[in-house]
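Each chain is listed here by its residues.
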Amino acid sequence: MAVILIENATVATVDAGDTVLAGADVVVGDDGRIAAVGRHDFTDFSRRIDGSGCLLTPGLVNTHHHLYQWATRGLALDETLFGWLTTLYPVWGRLDAEIVGAAAAAGLGWLALSGCTTSMDHHYVFPRDGGDVLGAEIEAARTIGLRFHPTRGSMDLSRKDGGMPPDHLVEETDEALAATEAAIDRWHDPSPDAMLQIAVAPCSPFSVTTRLMEEAAALARRKGVRLHTHLAETDDEEQFCREQFGCSPVEYAERVGWLGDDVWLAHGVHLDDAAIAKLGATGTGVAHCPSSNARLGAGMARVRELLDHRVPVGLGVDGAASQEVSHLGAELRQALYTARMRGGPTAMNAREALRLGTMGGARCLGRQDDIGSIEVGKLADLVLWRLDGPGHDGIDDRLAALVFGPPAPIGLALVGGAPVVEDGRLVNADEEALTRAARGAHRRLVP
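Here's a quick rundown of the structure. (Residues numbered from 1 in each chain as written. Predicted model: local features only at pLDDT ≥ 70, side-chain atom pairs only at ≥ 80, totals over all residues. Heavy atoms only, no water.)

1. Description of the side chain of arginine 226
Here is step 1: Along the chain, arginine 226 turns up in the loop between helix H5 (210-223) and strand S10 (227-231).
Here is step 2: Buried charged residue arginine 226 carries no salt bridge. Nearest counter-charge: aspartate 261, at 6.0 Å.
Here is step 3: Here cysteine 364 takes part through its backbone oxygen, which lies 3.0 Å from a polar atom of the side chain of arginine 226.
Here is step 4: Not counting chain neighbours up to four residues away, the residues in contact with arginine 226 comprise Ala199, Val200, Ala220, Asp261, Asp262, Val263, Trp264, Arg363, Cys364, Leu365 and Gly366. (Helix = DSSP H or I, 4+ residues; strand = E, 2+ residues; numbered from the N terminus. Buried < 20%, exposed > 50% of the residue type's maximum accessible area, 1.4 Å probe, protein only. Lys, Arg positive; Asp, Glu negative; His and termini not counted. Salt bridge = Lys/Arg side-chain N within 4 Å of Asp/Glu carboxyl O. Polar contact = N/O pair within 3.5 Å; in protein donor to acceptor, adjacent residues only side chain to side chain. Contact = heavy atoms within 4.5 Å.)

2. A few points about helix H8 (residues 273-282)
Here is step 1: When H8 is considered as a whole, its buried residues turn out to be Ala275, Ile276, Leu279 and Gly280. Along the axis of H8, the buried residues cluster in a sector spanning 135°; they form a single face. Along H8, exposed side chains directed more than 90 degrees from the buried face belong to Asp273, Ala274 and Ala281.
Here is step 2: Structurally, H8 contributes buried residues whose contacts are with helix H7 (249-255), strand S11 (263-267), strand S12 (285-288) and helix H10 (303-308).
Here is step 3: A distance of 3.3 Å separates the backbone nitrogen of alanine 274 from a side-chain oxygen at the start of H8, and that oxygen is part of aspartate 272.
Here is step 4: One or two positions beyond H8, positive phi appears at glycine 283, with a value near 75°. (Arc of directions from axis to C-beta.)

3. Observations regarding the nonpolar core
Here is step 1: Counting residues in each nonpolar core, the largest one holds 136 residues, and the members touching the most others are Trp84, Trp92, Leu108, Leu146 and Trp258.
Here is step 2: A total of 11 residues in this core trace back to one element, the largest contributor, which is helix H2 (residues 97-113).
Here is step 3: If we ignore the near neighbours within four places in the chain, the residues touching leucine 146 are Leu108, Leu111, Ala112, Cys116, Thr117, Ala141, Met195, Val415 and Val420.
Here is step 4: Listed in part, the 17 residues of the second largest apolar core include Ala9, Ala24, Leu382 and Leu384. (Core = buried A, V, L, I, M, F, W, Y, C linked by side-chain atoms within 4.5 Å.)

4. Quick look at H5
Here is step 1: Taking 1.5 Å of rise per residue, the 14 residues of H5 would be expected to cover 20 Å, and the 20 Å separating its terminal C-alpha atoms lies within 8% of that figure.
Here is step 2: Those residues of H5 that fall on the buried side of the exposure criterion are Leu212, Met213, Ala216, Ala217, Leu219 and Ala220. Summarising the axial view, the buried residues of H5 lie within an arc of 165°, below the 170-degree limit, and thus occupy one face.
Here is step 3: Taken together, the buried residues of H5 touch strand S8 (147-154), helix H4 (173-187), strand S9 (199-202), S10 and H7. (Expected span 1.5 Å × (residues − 1).)

5. A few points about the packing of H4 against H5
Here is step 1: The N-to-C vectors of H4 and H5 enclose an angle of 20°; their axes lie 10 Å apart at closest approach. It follows that H4 is roughly parallel to H5 by the angle criterion. Seen along the crossing, H4 lies across H5 with a hand that is right-handed. The segment H4 lies against H5, with Thr173, Asp174, Ala176, Leu177, Thr180, Glu181, Ile184 and Asp185 engaging Arg211, Leu212, Glu215, Ala216, Leu219, Arg222 and Lys223.
Here is step 2: Counted by class, the contact of H4 with H5 contains six nonpolar, two polar and seven charged residues. (Axes fitted to C-alpha atoms, helices over the stretch in contact; angles between N-to-C directions. Parallel < 35°, antiparallel > 145°, perpendicular 65-115°, else oblique. Left-handed = near helix turned anticlockwise from the far one by under 90°. Nonpolar A, V, L, I, M, F, W, Y, C, P; charged D, E, K, R; others polar.)

6. Let's talk about the packing of aromatic side chains
Here is step 1: Across all of its chains, the model carries eight aromatic pairs by this definition.
Here is step 2: Through a chain of ring-to-ring contacts, the aromatic side chains of Tyr68, Trp84, Tyr89, Trp92 and Tyr124 assemble into a single cluster.
Here is step 3: Over the ring of tryptophan 70 we find arginine 73; its NZ or CZ atom is 3.9 Å from the centre of that ring.
Here is step 4: Stacked on the ring of phenylalanine 126, the Lys or Arg arginine 152 has its end atom at 3.7 Å from the ring centre. (Phe/Tyr/Trp six-rings, centres within 6.5 Å; stacked < 30°, edge-to-face > 60°. Lys NZ or Arg CZ within 6 Å of the ring centre and 35° of its normal.)

7. Section: the side chain of glutamine 197
Here is step 1: Position of glutamine 197 relative to the elements: it lies in the loop between H4 and S9.
Here is step 2: On the basis of relative accessibility, which here comes to 11%, the residue glutamine 197 falls in the buried class.
Here is step 3: Within the structure, glutamine 197 has its side chain in polar contact with the backbone oxygen of aspartate 189 (distance 2.9 Å).
Here is step 4: Dropping the residues within four chain positions of it, glutamine 197 is found in contact with Phe148, His149, Pro150, His188, Asp189, Pro190, Ser191 and Arg367.

8. Notes on unusual backbone geometry
Here is step 1: Despite not being glycine, asparagine 8 has its phi angle at roughly 60°, a positive value.
Here is step 2: With respect to the secondary-structure elements, asparagine 8 resides in strand S1 (residues 2-12).
Here is step 3: Relative accessible area serves as the criterion here: at 40%, asparagine 8 is assigned to the partly exposed category.
Here is step 4: The phi torsion at serine 326 lies on the positive side, around 55°, for a residue other than glycine.
Here is step 5: Inspection of the secondary structure puts serine 326 in the loop between strand S13 (313-315) and helix H11 (328-343).

This is how it looks when you write it as C-alpha cells:
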C-alpha cells in the first residue's frame, strides 16, 4: 500500500537533468521510499496532502556543523578564526554530555525547521570528565528524527607543541584513534537506509599531529567509513601549513593520504587553481559554509571553479557559534549571493544552489544513491515548502521563489517517509522544552 500522496505540487527533482515538474504528484511507499513521481497508478493512501502553491524538494543535507556550539552563540563576534578559537576553547573545555545533548537537540530541531533532513556533525572536544558527549548528540538526533552523520573528531596537537588548542583539551594520539574505532564499532550502520553513520574527523592541520592524520585515514579506510576535516579556511591556516609543513593545505592533505572520493573537507576557501584541480581529479568533496565564512571574515570560496572541476560541493551551516542563524534553507541564497559576488550574476543560478544543498551534500556524505533527489526508489526524505504567502507571492518560478525569497515556511518534512515537521512545527519534540534546555546549557557555560 502507498502511504502518502503529495499531489499537485511543483516538484524540483534534482535529477540528472534538474527536472522541475508543475502540478505533479509524488507517492511515498510504506517502505519509506519514493514509489512514484508524476504519473502513478496508486489509489489506496493512508494520507493525501494538497501541494497546491507549494514546492516539493529533496530534503536539505547539512555537510558541516558543530552542534555543541549552540550553547555558545553570540561570543567573539568581531574576531578572526584564530582569535575566535582562542576565546572559545576555554569555554568549550567545560562541556559535558548534558550540555552537548541540550545544544544538539536544539540545533537539530532548528535545522529540521529550516528544511534539513540529513545532518552531519563534527565533534572534536572531549573533556575528560564530560561523559559520553558523542552518545548525547546521537540520542538528540534520534529524538528529532533526522538522518545523522556524526563524526568522531579529535585533537592531539596542543599549544605547548605548536598547535592552537589548550593542553587540557587534547587527547593522546593512541587514545583518540582507539576512541574513534570504538565509535565506529558501536554506532556505524552501513546499510542503504541507515539513519546513523559515523565518519572519522581529526579537527584541523593546526590542532592535529601528522601521525594522527595519517593513522586516522588508514583507520577509516580499514573500516570502510568516510573522512572529514577542516582545510583551507583562512589565510592564517595557509601560513601555518607553509611554516610547519613547507607546503599548502591541500598539498599537506595529499601528503598524509587525505584526498579521495571518501573525503570531504570543510570550507576550502583559500584554494589556488592547482588545488582545485587536485580536488577535482581525486573526487574530494568540499562543504561550503558561506555564512560562517562571511561572519568570520574568512573569505569567499571559489565554488564556481570547484563545480567546473567536478568537485562534489555541499552546503554547511557550520557551528552555531560562528554563524548564529544556522538556517540551512537560507544558505541556498547565501551560496548563490556569494558566488555572484565573486563571479557576477551568471556564476550561480537557483537550480545550482538547490543542487548544492541536496545532491551535492549527498555526494559529500557518500549517500547519493539513497538521498539528494526525488526519484523512484530513493528514500523519501522530502520537504514541502509553502510559497503561497506574501513573502513569495508574485515570484512565478517556484524554485526561484525558494532560493531568492525569504526563508519559506515548511508544510511537511519527511525522513524516510516519517514526518519530522508539519505546519512549521516539530513533530517529535517540544520546541519550548528544547529552548529551555539549551538556555540552561548556555548559562552553565556562560554564567
